[in-house]
Amino acid sequence: MFGKILVANRGEIACRVIRTARRLGVRTVAVYSDADRHARHVAMADEAVHIGPAPARESYLVAEKLIEAARTTGAEAIHPGYGFLSENAAFAEACAAAGIVFIGPPPAAIRAMGSKSEAKKLMEAARVPLVPGYHGDDQSPALLAREAERIGYPVLIKASAGGGGKGMRVVETPAKFAESLAGAQREAKAAFADDHVLVEKYLTRPRHIEVQVFADTHGTCLYLFERDCSIQRRHQKVIEEAPAPGMTAERRKAMGEAAVSAARAIGYVGAGTVEFIADPSGAFYFMEMNTRLQVEHPVTEMITGQDLVEWQLRVAAGERMPLTQEELAIKGHAFEVRLYAEDPSRNFLPSVGRLVHLALPRDRLHVRVDTGVRSGDSVTPYYDPMIAKIIVHDQDRAAALRRLRQALRETEVVGVRTNTALLARIAEHPAFAAGEVDTGFIERHRAEVIPRAEAADERALALATLARLLEWRQEAQARAAQSPDPASPWHRVDGWRLNGAGHDDIRWKSGEREVIVTARYQPADALDTDTVDCRLELDGTQMDASAVREGTDGSFRATLGTTVMLARVIASTASDGGRDYVVFAGGAPGGQTLRLVDQRDVSAAEAAGVHGGGLTAPMPGKIIDVKVRDGETVSRGQPVIVLEAMKMEHTLLAPADGTVKKTLYAAGDQVPEGADLVEFEPAEA
Ligand code: MV4
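Residues numbered from 1 in each chain as written. Predicted model: local features only at pLDDT ≥ 70, side-chain atom pairs only at ≥ 80, totals over all residues. Heavy atoms only, no water.

## Description of the overall build of the protein chain
Moving on, step 1. Summing up its helical and strand segments, the protein chain has 18 helices and 40 strands in all.
Moving on, step 2. A globule of 685 residues ought to have a C-alpha radius of gyration of about 26 Å, and the protein chain, at 28 Å, matches this closely.
Moving on, step 3. For the protein chain, the spread of C-alpha atoms along the three principal axes comes to 90 × 65 × 50 Å.
Moving on, step 4. Out of the 685 residues belonging to the protein chain, those deemed buried represent 54%.
Moving on, step 5. Counting only carbon and sulfur atoms, one obtains 50% of the accessible surface of the protein chain, whose full area is about 29,700 Å². (Helix = DSSP H or I, 4+ residues; strand = E, 2+ residues; numbered from the N terminus. Rg over C-alpha atoms; globule rule 2.2 N^0.38 Å. Buried < 20%, exposed > 50% of the residue type's maximum accessible area, 1.4 Å probe, protein only. Areas by Shrake-Rupley, 256 points an atom, 1.4 Å probe, with all protein chains shown as cover.)

In structure tokens, the structure reads:
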């Protein structure tokens, strides 16, 4: 076993690898960019090496810096994690050339799976099932059209060099084939500098089922069963589970053996995943192979009781795998959800900012949380905005789903917008509970699972008001303590009025709605900072309300009418300077956000990046497409600019009907956050 390894990654996967290495007595070297100087993975490692500026292309993607860091610290091996250089054959070769073990597959295996069409040829030879189709070198339109006829419509045209759904076109009828082919070839040329395409039978309502494989250097190759990753949004996995709902033992064995054949066909070593697409009948077909450990590997670990990073370290050190195929078995069911900093109300645009408050479910028997951040850390625009993976396990799918719902109710994030509500709505959805999962699930149920910016409910308004009143009491006590006259009536906070019972009006904004909550008090003789007793009036209703502070984290025990509950309300200052109060209390997962309205409040439009007459960059990135011309008339919501940031494409839309006066950047330009991208004249101007 290695004495010391370098972890060439960041975030949760770096922390996860370090955790296993530490358990095995292997010392660890972390690497970090300027943005990660104080990151969790740096604190967890035995030593750490600075590798450059925040942008990944200047740090985590610079092979020489990673190899130099391993050399100077005496690390014998490098674990690449996932993403970054984990599937870069040249990096794997550079490690070997430097006498450093690359913890992963041989470079030739990485290359073999790098091209879609090459991979399919290898799979065909290994008798791994492929979707009926054509992936030959003859790319003449006439031949491709004949092949489409042979396959039978609808067909799918895919870019050979593509991936992740890019460069795919569904063709329903022969009449549309030529035009779709030309479009797909143009797109493939533009995106991948390679216009080769393949044509396949289009599978409707497919499921994404992948098989974890593992091979050592002693000729053993086995499978650790399957994961269902069909719950995706725009080719980003959202919820993964193992085993796959409805899987039969026979099909599990067939898929496992097909996956092992695929791995053997390319001389695989280490952890790998063979992805299949399955149609409603259960027939499955090779899609692609990932030559790395995947984000969702924990669900496999939970149902098999194995630590796949330990297996990686042992196999890379030349050891045999710890178990045989016969010794592996499935126990129970596991789910993983990916908690992302993204804003559902802005088309799931990544949401960057400081994690003012982060409360994740406690690690315990049935719950595991893999994260690379802590409260106070920031989600930056430089890297994938995943906050944490929440993994649950129990004896069967229904029990595991109950654990997942509870874990999501315990998840609290303030400071960035998140997809918590989306995750909770999917987990609560009857179709999901019934195991009716396929890649179209989110789109099919979008009205129920994609949260809208809804106004906070009455309970949230009351709880936020109680929190504000408690805050006032603490502020008043602090002022009194610093005053030469602590008993002065000016320090009272019971809404005292010269000519009437004490009351205060607190004004809230939630969604498009503004609400005033009036709090009426009984005269109090002493200033008590930890309790509030009042009568609340809002929306024409009244309720007796009280709060007793519990702890210092914003928690309090509240009584609203006859209902008693534990609530937590986190106040924070938003990027536009306004005060937001996020209410977490037995209700909407993800919390409900209220803006405290005071006269200095800025307009919502200014906060949303639309000001004056233009469109601004919501985060730093590269312009990859300008979809409008100067002088063009556009309608509200029309795509105007496509910006690449945080490994994703973001389409910026026209904020209103109007005219594009001038586009200020061209495709290929790098733009900073807040840069004006378009001079825009709203129609009503
Ligand atoms: C398909 C398909 C339907 N029929 N191939 C999407 C990206 C890449 N992983 C392959 N993908 C698909 N290939 C045929 N012949 C539907 C998809 C697909 C998909 C596949 C797996 C997971 C999510 C998906 C989302 C949309 C489309």
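## As for the packing of aromatic side chains
Moving on, step 1. Applying the stated rule across the entire model yields 10 aromatic pairs.
Moving on, step 2. Between Y60 and F84, the aromatic rings sit 5.2 Å apart at their centres with planes inclined by 10°, giving stacked as the arrangement. Taken together, the residues Y60 in the loop between β3 (47-52) and α3 (63-73) and F84 in the loop between β4 (77-79) and α4 (89-97) connect sequence positions 24 residues apart.
Moving on, step 3. Taking relative accessible area as the criterion, Y60 reaches 0% and is therefore assigned buried.
Moving on, step 4. Measuring from ring centre to ring centre gives 5.3 Å for F276 and F284, while their planes differ by 85°; the resulting arrangement is edge-to-face. Each of the two residues, F276 as well as F284, counts as buried.
Moving on, step 5. An aromatic cluster is built from Y60, F84, Y382 and Y383, whose rings are joined through pairwise contacts. (Phe/Tyr/Trp six-rings, centres within 6.5 Å; stacked < 30°, edge-to-face > 60°.)

## So, the confidence of the model for the protein chain
As a note on interpretation, predicted positions should not be read in detail where pLDDT is low.
Moving on, step 1. In this model, the protein chain carries a mean pLDDT of 90, and residues with pLDDT of at least 70 account for 92%.
Moving on, step 2. Confidence drops under a pLDDT of 50 for residues 496-500, and excluding neighbours within four residues, the segment shows four contacts in the predicted structure.
Moving on, step 3. Below a pLDDT of 50 lies the segment residues 599-612, which in the model reaches 13 contacts outside its immediate sequence neighbourhood of four places, other chains included. (pLDDT = per-residue confidence, 0-100. Contact = heavy atoms within 4.5 Å.)

## A short note on the packing of α3 against α4
Moving on, step 1. Two elements in contact, α3 and α4, have axes whose closest approach is 10 Å; the angle formed by their N-to-C orientations is 30°. In this view, α3 runs roughly parallel relative to α4, as classed from their interaxial angle. As for how α3 packs across α4, the hand of that crossing is right-handed. Within the contact between the two elements, α3 uses A63, L66 and I67 and α4 uses F91, A94 and C95.
Moving on, step 2. Considering only residue class, the contact of α3 with α4 consists of six nonpolar, no polar and no charged. (Axes fitted to C-alpha atoms, helices over the stretch in contact; angles between N-to-C directions. Parallel < 35°, antiparallel > 145°, perpendicular 65-115°, else oblique. Left-handed = near helix turned anticlockwise from the far one by under 90°. Nonpolar A, V, L, I, M, F, W, Y, C, P; charged D, E, K, R; others polar.)

## Section: the domain arrangement of the protein chain
Moving on, step 1. When cut into domains, the protein chain gives domain 1 (4-103), domain 2 (132-201), domain 3 (207-449), domain 4 (458-596) and domain 5 (607-682).
Moving on, step 2. Here the C-alpha centroids of domain 1 and domain 5 sit 37 Å apart. (Domains from an automatic or database assignment.)

## Concerning unusual backbone geometry
Glycine aside, a negative phi is what most residues show, and trans is what most peptide bonds show.
Moving on, step 1. For the bond from Y153 to P154, the omega torsion is 0°, close enough to zero to count as cis.
Moving on, step 2. Following the sequence through the fold, P154 ends up in the loop between α7 (141-151) and β7 (155-159).
Moving on, step 3. Put simply, A242 and P243 share a cis peptide bond, and its omega is -5°.
Moving on, step 4. Here P243 lies in the loop between β12 (236-242) and α9 (249-265).
Moving on, step 5. Non-glycine residue R205 carries a positive phi angle of around 45°.
Moving on, step 6. As for its position among the elements, R205 is in the loop between β9 (197-201) and β10 (207-215).
Moving on, step 7. Although it is not a glycine, N347 adopts a positive phi angle of roughly 55°.
Moving on, step 8. Relative to the assigned elements, N347 resides in the loop between β16 (342-343) and β17 (349-350).
Moving on, step 9. N347 gets classed as partly exposed once you look at its relative accessible area, which sits at 41%.

## Describing the environment of K158
Moving on, step 1. With respect to the helices and strands, the residue K158 is situated in strand β7.
Moving on, step 2. Look past the residues within four positions of K158 in its chain and what remains in contact with it is K116, G167, M168, H196, V197, L198 and E200.

## Overview of the side chain of D438
Moving on, step 1. Its place among the elements puts D438 in the loop between α14 (430-433) and α15 (441-444).
Moving on, step 2. Residue D438 is classed as buried on the basis of its relative accessible area, which comes to 4%.
Moving on, step 3. Side-chain polar atoms of D438 contact the backbone nitrogen of G440, separated by 2.7 Å.
Moving on, step 4. If sequence neighbours within four positions are ignored, D438 has contacts with R205, P206, R207, S230 and R444. (Polar contact = N/O pair within 3.5 Å; in protein donor to acceptor, adjacent residues only side chain to side chain.)

## A short note on the pattern of salt bridges
Moving on, step 1. Enumeration according to the criterion identifies 58 salt bridges in this entry.
Moving on, step 2. Two residues, R10 and D36, come together in a salt bridge whose shortest N-O distance is 2.6 Å. Of the two residues, R10 sits in the loop between β1 (4-7) and α1 (11-23) while D36 sits in the loop between β2 (27-33) and α2 (40-44), which places them 26 residues apart along the sequence. An identical accessibility class is assigned to R10 and D36; each is buried.
Moving on, step 3. K237 is paired through a salt bridge with E296; the nearest N and O atoms lie 2.7 Å apart. Placement of the pair is K237 in strand β12 and E296 in the loop between β14 (284-290) and α10 (297-304), with a sequence separation of 59 residues.
Moving on, step 4. Look at E296 and you get buried, because its relative accessible area is 1%. (Salt bridge = Lys/Arg side-chain N within 4 Å of Asp/Glu carboxyl O.)

## Considering the site of the ligand
Moving on, step 1. Around the ligand, the surrounding shell holds 17 residues, and the nearest of these are K158, E200, K201, L203 and Q232.
Moving on, step 2. Against a free-state accessible area of 520 Å², the protein chains account for coverage of 90% of the ligand.
Moving on, step 3. Built from parts of two domains, the shell around the ligand gets at least three residues from each of domain 2 (132-201) and domain 3 (207-449). (Near = heavy atom within 4 Å.)

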